[in-house]
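# Summary of structural features
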Amino acid sequence: MVLRSKHTPRSPSYLLPCVLALSLFSLTGLLLYKVDDVISRTGTVVGHNLEPTPWHVFPHKPFDEETRQQRAYKILQCSYLTCRYAAADSGEARRKFPGGGGECPDFFGAIRRDLEPWMESRITEGHVAGAQRLAAFRVVIVDGKMFVDWYYACVQSRAMFTLWGLLQLMKRYPGKVPDVDMMFDCMDKPTVNRIEYQGMPVPLFRYCTTKEHFDIPFPDWSFWGWSEINIRPWNEEFPDIKRGSQRISWRNRVPRAYWKGNPDVSSPIRVELLSCNHSRKWGAQIMRQDWDEAARDGFKESRLADQCHHRYKIYAEGYAWSVSLKYILACDSVALLIAPQYEDFFSRGLVPEHNFWPVDPLKLCPSIKYAVEWGNQHLEEAEAIGRRGQEFMESLTIDRIYEYMFHLIYEYSKLQDFKPTPPPTSLEVCEESLLCFADEKQRAFLRRSTASPAPTPPCNLKPPP
Ligand SMILES: *[C@@H]1O[C@H](CO)[C@@H](O)[C@H](O)[C@H]1NC(C)=O
(Lines give C-alpha, C1' and ligand atoms only; values in the text may rest on other atoms or scores of the structure.)
Protein backbone atom coordinates (compact mmCIF):
# COMPACT_ATOMS: atom_id res chain seq x y z
CA MET A 1 0.00 0.00 0.00
CA VAL A 2 2.69 2.40 1.05
CA LEU A 3 4.90 1.08 -1.66
CA ARG A 4 2.29 1.63 -4.30
CA SER A 5 1.35 5.11 -3.18
CA LYS A 6 5.02 5.96 -3.31
CA HIS A 7 5.45 4.75 -6.83
CA THR A 8 2.16 5.41 -8.58
CA PRO A 9 2.56 9.16 -8.95
CA ARG A 10 5.99 8.64 -10.42
CA SER A 11 5.23 6.01 -13.02
CA PRO A 12 3.38 8.21 -15.58
CA SER A 13 6.09 10.86 -15.45
CA TYR A 14 8.55 8.71 -17.40
CA LEU A 15 6.12 6.22 -18.85
CA LEU A 16 4.09 8.79 -20.74
CA PRO A 17 6.97 10.37 -22.68
CA CYS A 18 8.27 6.92 -23.39
CA VAL A 19 4.96 5.70 -24.71
CA LEU A 20 4.53 8.90 -26.66
CA ALA A 21 7.98 8.72 -28.16
CA LEU A 22 7.52 5.09 -29.00
CA SER A 23 4.18 5.60 -30.67
CA LEU A 24 5.42 8.66 -32.51
CA PHE A 25 8.38 6.67 -33.68
CA SER A 26 6.29 3.77 -34.94
CA LEU A 27 3.74 6.15 -36.40
CA THR A 28 6.47 7.91 -38.34
CA GLY A 29 7.81 4.55 -39.38
CA LEU A 30 4.37 3.45 -40.47
CA LEU A 31 3.84 6.70 -42.30
CA LEU A 32 7.17 6.44 -44.08
CA TYR A 33 6.40 2.88 -44.95
CA LYS A 34 2.98 3.91 -46.24
CA VAL A 35 4.41 6.81 -48.25
CA ASP A 36 7.05 4.54 -49.71
CA ASP A 37 4.40 2.00 -50.56
CA VAL A 38 2.19 4.60 -52.27
CA ILE A 39 5.11 6.06 -54.17
CA SER A 40 6.23 2.69 -55.44
CA ARG A 41 2.78 2.23 -56.91
CA THR A 42 2.28 5.72 -58.35
CA GLY A 43 2.33 5.82 -62.13
CA THR A 44 3.69 9.04 -63.60
CA VAL A 45 3.72 10.89 -66.90
CA VAL A 46 7.33 9.87 -67.49
CA GLY A 47 6.58 6.21 -66.80
CA HIS A 48 7.60 5.56 -63.19
CA ASN A 49 6.13 2.28 -61.91
CA LEU A 50 4.54 1.53 -65.27
CA GLU A 51 5.14 -1.26 -67.75
CA PRO A 52 5.35 -0.50 -71.48
CA THR A 53 2.14 -1.24 -73.37
CA PRO A 54 1.91 -5.00 -74.00
CA TRP A 55 0.42 -4.46 -77.47
CA HIS A 56 3.49 -2.53 -78.52
CA VAL A 57 6.49 -3.29 -76.39
CA PHE A 58 9.36 -0.81 -76.18
CA PRO A 59 12.41 -0.61 -73.92
CA HIS A 60 11.94 0.63 -70.35
CA LYS A 61 12.75 4.27 -69.98
CA PRO A 62 15.84 5.43 -68.19
CA PHE A 63 15.24 7.86 -65.34
CA ASP A 64 17.35 10.84 -64.45
CA GLU A 65 17.30 10.41 -60.72
CA GLU A 66 19.98 8.05 -59.43
CA THR A 67 18.82 6.80 -56.07
CA ARG A 68 15.62 5.34 -54.75
CA GLN A 69 15.23 8.29 -52.39
CA GLN A 70 15.65 10.80 -55.18
CA ARG A 71 13.01 9.03 -57.18
CA ALA A 72 10.63 8.87 -54.22
CA TYR A 73 11.18 12.53 -53.53
CA LYS A 74 10.52 13.48 -57.16
CA ILE A 75 7.31 11.49 -57.36
CA LEU A 76 6.11 12.87 -54.04
CA GLN A 77 6.99 16.39 -55.07
CA CYS A 78 5.70 16.37 -58.66
CA SER A 79 2.66 14.10 -58.37
CA TYR A 80 1.33 14.94 -54.91
CA LEU A 81 2.51 18.37 -53.88
CA THR A 82 2.63 20.49 -57.02
CA CYS A 83 -0.91 20.95 -58.30
CA ARG A 84 -2.35 21.82 -54.88
CA TYR A 85 -0.33 24.98 -54.81
CA ALA A 86 -0.75 25.80 -58.45
CA ALA A 87 -3.07 28.67 -59.20
CA ALA A 88 -6.49 27.22 -59.88
CA ASP A 89 -8.45 28.41 -62.87
CA SER A 90 -10.93 30.46 -60.92
CA GLY A 91 -12.94 30.99 -64.05
CA GLU A 92 -12.21 34.71 -63.88
CA ALA A 93 -10.53 34.44 -67.26
CA ARG A 94 -13.87 33.15 -68.55
CA ARG A 95 -14.87 35.63 -71.14
CA LYS A 96 -17.69 36.70 -73.31
CA PHE A 97 -16.54 36.72 -76.89
CA PRO A 98 -17.29 39.83 -78.88
CA GLY A 99 -17.90 38.25 -82.26
CA GLY A 100 -18.71 34.96 -83.94
CA GLY A 101 -16.09 32.35 -84.71
CA GLY A 102 -16.77 31.74 -88.42
CA GLU A 103 -17.30 28.38 -90.06
CA CYS A 104 -15.02 25.45 -89.28
CA PRO A 105 -13.09 23.91 -92.19
CA ASP A 106 -14.76 20.97 -93.93
CA PHE A 107 -12.53 18.35 -92.41
CA PHE A 108 -14.06 19.10 -88.97
CA GLY A 109 -17.03 17.14 -90.33
CA ALA A 110 -15.01 14.01 -89.58
CA ILE A 111 -15.67 14.61 -85.86
CA ARG A 112 -19.29 13.53 -86.26
CA ARG A 113 -18.30 10.55 -88.39
CA ASP A 114 -15.78 9.46 -85.76
CA LEU A 115 -18.44 9.63 -83.03
CA GLU A 116 -21.19 8.11 -85.15
CA PRO A 117 -20.90 4.63 -83.51
CA TRP A 118 -22.25 6.11 -80.22
CA MET A 119 -24.98 8.37 -81.59
CA GLU A 120 -27.67 5.80 -80.78
CA SER A 121 -26.26 4.00 -77.77
CA ARG A 122 -24.60 7.13 -76.30
CA ILE A 123 -21.41 6.69 -74.31
CA THR A 124 -21.97 4.89 -71.03
CA GLU A 125 -19.55 4.20 -68.19
CA GLY A 126 -19.53 0.65 -69.54
CA HIS A 127 -18.24 1.88 -72.90
CA VAL A 128 -15.40 3.78 -71.25
CA ALA A 129 -14.57 0.84 -68.98
CA GLY A 130 -14.57 -1.41 -72.05
CA ALA A 131 -11.85 0.73 -73.65
CA GLN A 132 -9.62 0.49 -70.59
CA ARG A 133 -7.80 -2.72 -71.54
CA LEU A 134 -6.69 -1.03 -74.78
CA ALA A 135 -5.67 2.24 -73.13
CA ALA A 136 -2.42 3.60 -71.71
CA PHE A 137 -4.14 6.27 -69.65
CA ARG A 138 -7.47 7.81 -68.83
CA VAL A 139 -8.14 11.53 -68.71
CA VAL A 140 -11.02 12.88 -66.66
CA ILE A 141 -11.71 16.59 -66.80
CA VAL A 142 -14.00 17.96 -64.10
CA ASP A 143 -14.59 21.67 -63.47
CA GLY A 144 -11.56 22.66 -65.50
CA LYS A 145 -9.20 20.32 -63.63
CA MET A 146 -7.54 17.37 -65.28
CA PHE A 147 -7.11 13.99 -63.59
CA VAL A 148 -5.13 11.13 -65.07
CA ASP A 149 -5.26 7.43 -64.27
CA TRP A 150 -2.23 5.48 -65.58
CA TYR A 151 -2.29 1.96 -66.97
CA TYR A 152 0.89 1.76 -69.06
CA ALA A 153 3.89 3.91 -69.91
CA CYS A 154 3.96 5.72 -73.25
CA VAL A 155 6.98 5.72 -75.49
CA GLN A 156 9.32 8.75 -75.17
CA SER A 157 7.50 11.91 -74.12
CA ARG A 158 4.24 11.31 -76.00
CA ALA A 159 2.09 11.28 -72.87
CA MET A 160 3.68 14.42 -71.50
CA PHE A 161 3.16 16.45 -74.68
CA THR A 162 -0.35 15.08 -75.26
CA LEU A 163 -1.46 16.02 -71.75
CA TRP A 164 0.23 19.39 -72.13
CA GLY A 165 -1.86 19.96 -75.27
CA LEU A 166 -5.02 19.25 -73.28
CA LEU A 167 -3.99 21.64 -70.53
CA GLN A 168 -3.30 24.32 -73.13
CA LEU A 169 -6.74 23.71 -74.62
CA MET A 170 -8.26 24.52 -71.22
CA LYS A 171 -6.14 27.65 -71.11
CA ARG A 172 -7.22 28.62 -74.60
CA TYR A 173 -10.92 28.25 -73.73
CA PRO A 174 -11.11 28.94 -69.98
CA GLY A 175 -14.20 27.51 -68.36
CA LYS A 176 -15.47 26.17 -71.67
CA VAL A 177 -14.00 22.66 -71.88
CA PRO A 178 -16.80 20.36 -70.63
CA ASP A 179 -16.50 17.59 -68.04
CA VAL A 180 -15.32 14.53 -69.88
CA ASP A 181 -13.98 10.99 -69.37
CA MET A 182 -11.68 9.72 -72.15
CA MET A 183 -9.44 6.70 -72.69
CA PHE A 184 -6.19 7.22 -74.61
CA ASP A 185 -3.61 5.03 -76.23
CA CYS A 186 -0.38 6.49 -77.51
CA MET A 187 0.94 3.90 -79.96
CA ASP A 188 0.70 4.01 -83.75
CA LYS A 189 -1.65 1.16 -84.58
CA PRO A 190 -5.43 1.39 -84.13
CA THR A 191 -6.85 -1.49 -82.08
CA VAL A 192 -10.65 -1.15 -81.95
CA ASN A 193 -11.43 -3.25 -84.99
CA ARG A 194 -14.88 -2.59 -86.45
CA ILE A 195 -15.73 -6.25 -86.95
CA GLU A 196 -14.46 -7.46 -83.61
CA TYR A 197 -16.19 -4.63 -81.74
CA GLN A 198 -19.33 -4.26 -83.81
CA GLY A 199 -21.52 -5.45 -80.92
CA MET A 200 -20.01 -2.93 -78.51
CA PRO A 201 -17.80 -0.24 -80.01
CA VAL A 202 -15.53 1.21 -77.34
CA PRO A 203 -14.33 4.83 -77.55
CA LEU A 204 -10.54 5.08 -77.58
CA PHE A 205 -8.56 8.16 -78.54
CA ARG A 206 -5.26 7.83 -80.36
CA TYR A 207 -3.27 9.67 -82.99
CA CYS A 208 -4.80 7.85 -85.96
CA THR A 209 -7.47 5.49 -87.21
CA THR A 210 -8.38 3.55 -90.36
CA LYS A 211 -11.63 2.80 -92.16
CA GLU A 212 -11.62 -0.58 -90.38
CA HIS A 213 -11.35 0.85 -86.87
CA PHE A 214 -13.43 2.73 -84.31
CA ASP A 215 -10.38 4.50 -82.83
CA ILE A 216 -10.96 8.26 -82.58
CA PRO A 217 -8.14 10.37 -84.04
CA PHE A 218 -6.71 13.09 -81.81
CA PRO A 219 -3.93 15.61 -82.61
CA ASP A 220 -0.58 13.97 -81.99
CA TRP A 221 2.00 15.08 -79.42
CA SER A 222 4.43 16.52 -81.95
CA PHE A 223 2.27 19.62 -82.50
CA TRP A 224 3.56 20.64 -79.07
CA GLY A 225 7.03 19.31 -79.79
CA TRP A 226 9.03 16.12 -80.06
CA SER A 227 12.01 16.87 -77.91
CA GLU A 228 13.84 13.55 -78.45
CA ILE A 229 14.45 14.28 -82.13
CA ASN A 230 14.49 18.04 -81.84
CA ILE A 231 11.21 18.76 -83.63
CA ARG A 232 9.89 21.98 -82.19
CA PRO A 233 6.28 22.98 -81.52
CA TRP A 234 4.26 23.31 -84.73
CA ASN A 235 3.88 27.08 -84.38
CA GLU A 236 7.68 27.32 -84.72
CA GLU A 237 8.36 24.37 -86.97
CA PHE A 238 5.91 25.21 -89.75
CA PRO A 239 7.05 28.82 -90.33
CA ASP A 240 10.63 27.60 -90.31
CA ILE A 241 9.93 24.91 -92.93
CA LYS A 242 8.08 27.48 -95.02
CA ARG A 243 10.99 29.91 -94.86
CA GLY A 244 13.30 27.04 -95.82
CA SER A 245 11.06 26.15 -98.77
CA GLN A 246 11.30 29.71 -100.06
CA ARG A 247 15.07 29.55 -100.41
CA ILE A 248 14.80 27.57 -103.67
CA SER A 249 11.88 28.23 -105.99
CA TRP A 250 9.92 25.14 -106.97
CA ARG A 251 11.17 25.21 -110.56
CA ASN A 252 14.79 25.35 -109.48
CA ARG A 253 14.54 22.25 -107.35
CA VAL A 254 15.81 18.80 -108.21
CA PRO A 255 13.14 17.49 -110.63
CA ARG A 256 12.91 14.14 -108.82
CA ALA A 257 10.94 12.45 -106.07
CA TYR A 258 12.70 12.25 -102.72
CA TRP A 259 12.22 10.11 -99.68
CA LYS A 260 14.32 9.92 -96.58
CA GLY A 261 13.42 7.71 -93.70
CA ASN A 262 13.88 4.45 -91.91
CA PRO A 263 13.08 1.42 -94.10
CA ASP A 264 13.69 -1.04 -91.26
CA VAL A 265 10.34 -0.71 -89.53
CA SER A 266 8.69 -3.86 -90.92
CA SER A 267 6.91 -1.85 -93.57
CA PRO A 268 6.71 -3.74 -96.90
CA ILE A 269 6.04 -0.51 -98.79
CA ARG A 270 9.21 1.14 -97.50
CA VAL A 271 11.25 -1.91 -98.46
CA GLU A 272 9.74 -1.88 -101.91
CA LEU A 273 10.48 1.81 -102.16
CA LEU A 274 14.21 1.00 -101.99
CA SER A 275 13.89 -0.68 -105.39
CA CYS A 276 12.72 2.62 -106.94
CA ASN A 277 16.02 4.26 -106.03
CA HIS A 278 17.16 5.22 -109.49
CA SER A 279 17.14 8.81 -110.66
CA ARG A 280 17.01 8.14 -114.40
CA LYS A 281 14.99 4.98 -114.43
CA TRP A 282 12.32 5.90 -111.85
CA GLY A 283 12.87 9.59 -111.17
CA ALA A 284 13.29 8.82 -107.49
CA GLN A 285 15.95 9.25 -104.85
CA ILE A 286 15.49 7.09 -101.76
CA MET A 287 17.68 7.78 -98.77
CA ARG A 288 18.19 5.97 -95.51
CA GLN A 289 17.84 8.03 -92.36
CA ASP A 290 20.39 6.86 -89.87
CA TRP A 291 18.77 7.80 -86.56
CA ASP A 292 21.82 6.96 -84.47
CA GLU A 293 24.04 9.15 -86.57
CA ALA A 294 21.43 11.89 -86.63
CA ALA A 295 21.15 11.71 -82.86
CA ARG A 296 24.92 12.02 -82.50
CA ASP A 297 25.08 15.28 -84.40
CA GLY A 298 22.03 16.62 -82.61
CA PHE A 299 19.76 16.30 -85.67
CA LYS A 300 21.43 19.25 -87.33
CA GLU A 301 21.56 17.45 -90.66
CA SER A 302 17.93 16.45 -90.39
CA ARG A 303 16.54 19.91 -89.82
CA LEU A 304 13.17 19.77 -91.51
CA ALA A 305 13.56 23.27 -92.90
CA ASP A 306 16.50 22.07 -95.00
CA GLN A 307 14.58 19.26 -96.62
CA CYS A 308 12.70 21.07 -99.37
CA HIS A 309 15.20 20.61 -102.20
CA HIS A 310 13.09 18.42 -104.47
CA ARG A 311 10.03 19.10 -106.56
CA TYR A 312 8.39 15.91 -105.28
CA LYS A 313 8.41 14.37 -101.84
CA ILE A 314 7.23 10.86 -101.13
CA TYR A 315 5.18 9.94 -98.07
CA ALA A 316 5.29 6.24 -97.16
CA GLU A 317 3.67 4.85 -94.06
CA GLY A 318 5.96 3.00 -91.71
CA TYR A 319 5.05 0.30 -89.24
CA ALA A 320 1.73 2.14 -89.05
CA TRP A 321 0.76 5.77 -89.06
CA SER A 322 3.61 8.29 -89.30
CA VAL A 323 3.95 11.81 -87.95
CA SER A 324 5.98 12.86 -90.97
CA LEU A 325 3.02 13.65 -93.25
CA LYS A 326 2.59 17.17 -91.95
CA TYR A 327 6.25 17.99 -92.43
CA ILE A 328 6.27 16.60 -95.97
CA LEU A 329 3.21 18.64 -96.91
CA ALA A 330 4.73 21.73 -95.33
CA CYS A 331 7.46 21.93 -97.99
CA ASP A 332 5.68 23.23 -101.06
CA SER A 333 6.91 20.23 -103.03
CA VAL A 334 4.28 17.99 -104.61
CA ALA A 335 3.51 15.39 -101.94
CA LEU A 336 3.36 11.92 -103.46
CA LEU A 337 1.24 9.90 -101.05
CA ILE A 338 1.49 6.13 -101.35
CA ALA A 339 -2.17 5.18 -100.64
CA PRO A 340 -2.16 5.82 -96.90
CA GLN A 341 -4.14 3.33 -94.88
CA TYR A 342 -3.96 5.35 -91.67
CA GLU A 343 -5.73 8.65 -91.21
CA ASP A 344 -5.05 11.32 -88.68
CA PHE A 345 -7.42 14.08 -87.71
CA PHE A 346 -6.31 16.50 -90.42
CA SER A 347 -5.47 14.13 -93.29
CA ARG A 348 -9.18 13.72 -93.93
CA GLY A 349 -8.99 17.25 -95.38
CA LEU A 350 -6.60 16.25 -98.17
CA VAL A 351 -7.91 16.08 -101.74
CA PRO A 352 -6.08 14.03 -104.41
CA GLU A 353 -4.66 15.99 -107.33
CA HIS A 354 -5.62 19.17 -105.49
CA ASN A 355 -3.17 19.29 -102.61
CA PHE A 356 -1.32 16.00 -103.06
CA TRP A 357 -0.66 13.38 -105.74
CA PRO A 358 -1.76 9.77 -105.09
CA VAL A 359 0.71 6.96 -105.83
CA ASP A 360 -0.49 3.43 -106.55
CA PRO A 361 1.22 0.97 -104.16
CA LEU A 362 0.60 -1.93 -106.56
CA LYS A 363 2.65 -0.27 -109.29
CA LEU A 364 4.94 1.63 -106.99
CA CYS A 365 7.98 2.59 -109.08
CA PRO A 366 6.07 3.19 -112.35
CA SER A 367 3.50 5.25 -110.49
CA ILE A 368 6.22 7.50 -108.99
CA LYS A 369 7.89 7.77 -112.40
CA TYR A 370 4.55 8.77 -113.95
CA ALA A 371 3.92 11.47 -111.33
CA VAL A 372 7.40 12.95 -111.81
CA GLU A 373 7.15 12.96 -115.60
CA TRP A 374 3.65 14.41 -115.54
CA GLY A 375 4.74 17.17 -113.16
CA ASN A 376 7.84 18.02 -115.13
CA GLN A 377 5.67 18.38 -118.23
CA HIS A 378 2.94 20.36 -116.44
CA LEU A 379 5.04 22.69 -114.35
CA GLU A 380 2.32 25.14 -113.51
CA GLU A 381 -0.21 22.54 -112.39
CA ALA A 382 2.34 20.56 -110.43
CA GLU A 383 3.69 23.64 -108.70
CA ALA A 384 0.13 24.59 -107.73
CA ILE A 385 -0.49 21.18 -106.14
CA GLY A 386 2.62 21.63 -104.05
CA ARG A 387 1.60 25.13 -103.05
CA ARG A 388 -1.91 24.05 -102.05
CA GLY A 389 -0.43 21.28 -99.91
CA GLN A 390 1.61 23.87 -98.05
CA GLU A 391 -1.37 26.21 -97.78
CA PHE A 392 -3.41 23.41 -96.25
CA MET A 393 -0.78 22.91 -93.57
CA GLU A 394 -0.48 26.66 -93.07
CA SER A 395 -4.22 26.88 -92.41
CA LEU A 396 -3.77 24.18 -89.79
CA THR A 397 -2.49 26.59 -87.17
CA ILE A 398 -2.17 25.54 -83.56
CA ASP A 399 -5.26 27.67 -82.89
CA ARG A 400 -7.19 25.60 -85.46
CA ILE A 401 -5.98 22.48 -83.73
CA TYR A 402 -7.36 23.74 -80.41
CA GLU A 403 -10.67 24.38 -82.15
CA TYR A 404 -10.67 20.81 -83.43
CA MET A 405 -9.87 19.43 -79.98
CA PHE A 406 -12.56 21.61 -78.46
CA HIS A 407 -15.28 20.42 -80.82
CA LEU A 408 -14.20 16.79 -80.63
CA ILE A 409 -14.29 16.81 -76.84
CA TYR A 410 -17.50 18.83 -76.76
CA GLU A 411 -19.35 16.49 -79.13
CA TYR A 412 -18.00 13.48 -77.24
CA SER A 413 -19.10 14.93 -73.90
CA LYS A 414 -22.62 15.47 -75.22
CA LEU A 415 -22.85 11.72 -75.83
CA GLN A 416 -21.81 10.76 -72.27
CA ASP A 417 -24.84 9.57 -70.35
CA PHE A 418 -23.11 9.86 -66.97
CA LYS A 419 -21.40 12.51 -64.93
CA PRO A 420 -17.61 12.13 -65.14
CA THR A 421 -15.84 11.75 -61.81
CA PRO A 422 -12.10 11.22 -61.30
CA PRO A 423 -11.36 7.56 -60.49
CA PRO A 424 -9.99 7.08 -56.93
CA THR A 425 -6.61 6.00 -58.30
CA SER A 426 -6.23 9.07 -60.52
CA LEU A 427 -4.09 12.10 -59.73
CA GLU A 428 -4.46 15.67 -60.81
CA VAL A 429 -2.14 16.73 -63.60
CA CYS A 430 -1.49 20.43 -64.07
CA GLU A 431 1.09 22.48 -65.99
CA GLU A 432 3.35 22.65 -62.96
CA SER A 433 3.34 18.90 -62.42
CA LEU A 434 4.28 18.23 -66.04
CA LEU A 435 7.05 20.83 -65.88
CA CYS A 436 8.18 19.23 -62.62
CA PHE A 437 8.73 15.87 -64.36
CA ALA A 438 10.11 17.33 -67.61
CA ASP A 439 13.82 17.38 -68.35
CA GLU A 440 15.46 20.62 -69.39
CA LYS A 441 14.79 20.27 -73.11
CA GLN A 442 11.23 19.10 -72.66
CA ARG A 443 10.60 22.02 -70.34
CA ALA A 444 11.86 24.49 -72.94
CA PHE A 445 9.60 22.96 -75.61
CA LEU A 446 6.59 22.91 -73.31
CA ARG A 447 7.07 26.51 -72.27
CA ARG A 448 7.30 27.59 -75.90
CA SER A 449 4.00 25.96 -76.78
CA THR A 450 2.00 27.67 -74.06
CA ALA A 451 -1.43 28.86 -75.20
CA SER A 452 -3.21 32.06 -74.26
CA PRO A 453 -6.98 32.64 -74.05
CA ALA A 454 -8.67 32.81 -77.44
CA PRO A 455 -9.90 36.26 -78.47
CA THR A 456 -12.82 34.72 -80.40
CA PRO A 457 -15.04 31.69 -79.80
CA PRO A 458 -14.19 28.46 -81.61
CA CYS A 459 -15.40 28.17 -85.20
CA ASN A 460 -18.94 26.93 -85.77
CA LEU A 461 -19.25 23.24 -86.44
CA LYS A 462 -21.65 22.82 -89.32
CA PRO A 463 -24.92 21.25 -88.17
CA PRO A 464 -25.41 17.64 -89.26
CA PRO A 465 -27.00 17.40 -92.70
C1 LIG B 1 20.06 5.43 -103.47
O2 LIG B 1 20.96 5.80 -104.50
C3 LIG B 1 21.88 6.82 -104.13
C4 LIG B 1 22.67 7.22 -105.37
O5 LIG B 1 22.99 6.13 -106.14
C6 LIG B 1 22.76 6.30 -102.98
O7 LIG B 1 23.67 7.29 -102.58
C8 LIG B 1 21.87 5.90 -101.84
O9 LIG B 1 22.62 5.36 -100.77
C10 LIG B 1 20.82 4.91 -102.27
N11 LIG B 1 19.88 4.69 -101.19
C12 LIG B 1 19.75 3.57 -100.52
C13 LIG B 1 18.75 3.51 -99.42
O14 LIG B 1 20.41 2.59 -100.77
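Residues numbered from 1 in each chain as written. Predicted model: local features only at pLDDT ≥ 70, side-chain atom pairs only at ≥ 80, totals over all residues.

Under an unreviewed UniProt entry, the name given to the protein is Protein glucosyltransferase, and the source organism is Vigna unguiculata. Taken from UniProt, the Sequence similarities (unreviewed entry) comment for the protein reads in full: "Belongs to the glycosyltransferase 90 family." (UniProt positions renumbered as here; feature names shortened; annotations may be inferred.)

What links the strands of a sheet is backbone hydrogen bonding, and the strands pair in either a parallel or an antiparallel sense. The strand order across the open sheet formed by five strands is β7-β6-β8-β9-β10, and the pairing between neighbours is parallel. Since the sheet does not close on itself, it has two edges, and those belong to β7 (284-288) and β10 (357-359), each with one partner. Strand-to-strand twist of the sheet, defined as the mean angle between neighbouring strand axes without regard to direction, takes the value 30 degrees. (Pairing = 2+ DSSP bridges. Helix = DSSP H or I, 4+ residues; strand = E, 2+ residues; numbered from the N terminus. Axes fitted to C-alpha atoms, helices over the stretch in contact; angles between N-to-C directions.)

The next thing to look at is the site of the ligand. Lining the immediate environment of the ligand, one finds L274, N277, I286, M287 and R288. The biggest single contributor to the shell around the ligand is β7, with three residues. Of the residues assigned to the shell around the ligand, the class counts are three nonpolar, one polar and one charged. (Near = placed C-beta within 6 Å. Nonpolar A, V, L, I, M, F, W, Y, C, P; charged D, E, K, R; others polar.)

To continue, consider the domain arrangement of the protein. Domain parsing of the protein yields domain 1 (80-220 + 398-448) and domain 2 (229-343 + 347-395). Distance from the C-alpha centre of domain 1 to the C-alpha centre of domain 2: 30 Å. Opposite the 16 residues of domain 1 that make contact, domain 2 presents 15 residues. At the level of elements, α14 (398-415) and α16 (440-448) are the ones that each hand at least two residues to the side of domain 1 that touches domain 2. Here the residues of the side of domain 1 that touches domain 2 sort into eight nonpolar, two polar and six charged. (Domains from an automatic or database assignment. Contact = placed C-beta atoms within 7 Å.)

Let us look at the packing of helix α7 (residues 234-245) against helix α13 (residues 379-395). Where α7 meets α13, the axes come as close as 11 Å, and the angle between the chain directions of the two elements is 155 degrees. Comparing their axes, α13 and α7 come out roughly antiparallel. Relative to α13, α7 is oriented so that their crossing is left-handed. Packed against α7, whose contacting residues are F238, K242 and S245, the element α13 presents Q390, M393 and E394 at the interface. Tallied by class, residues from the contact of α7 with α13 come to two nonpolar, two polar and two charged. (Parallel < 35°, antiparallel > 145°, perpendicular 65-115°, else oblique. Left-handed = near helix turned anticlockwise from the far one by under 90°.)

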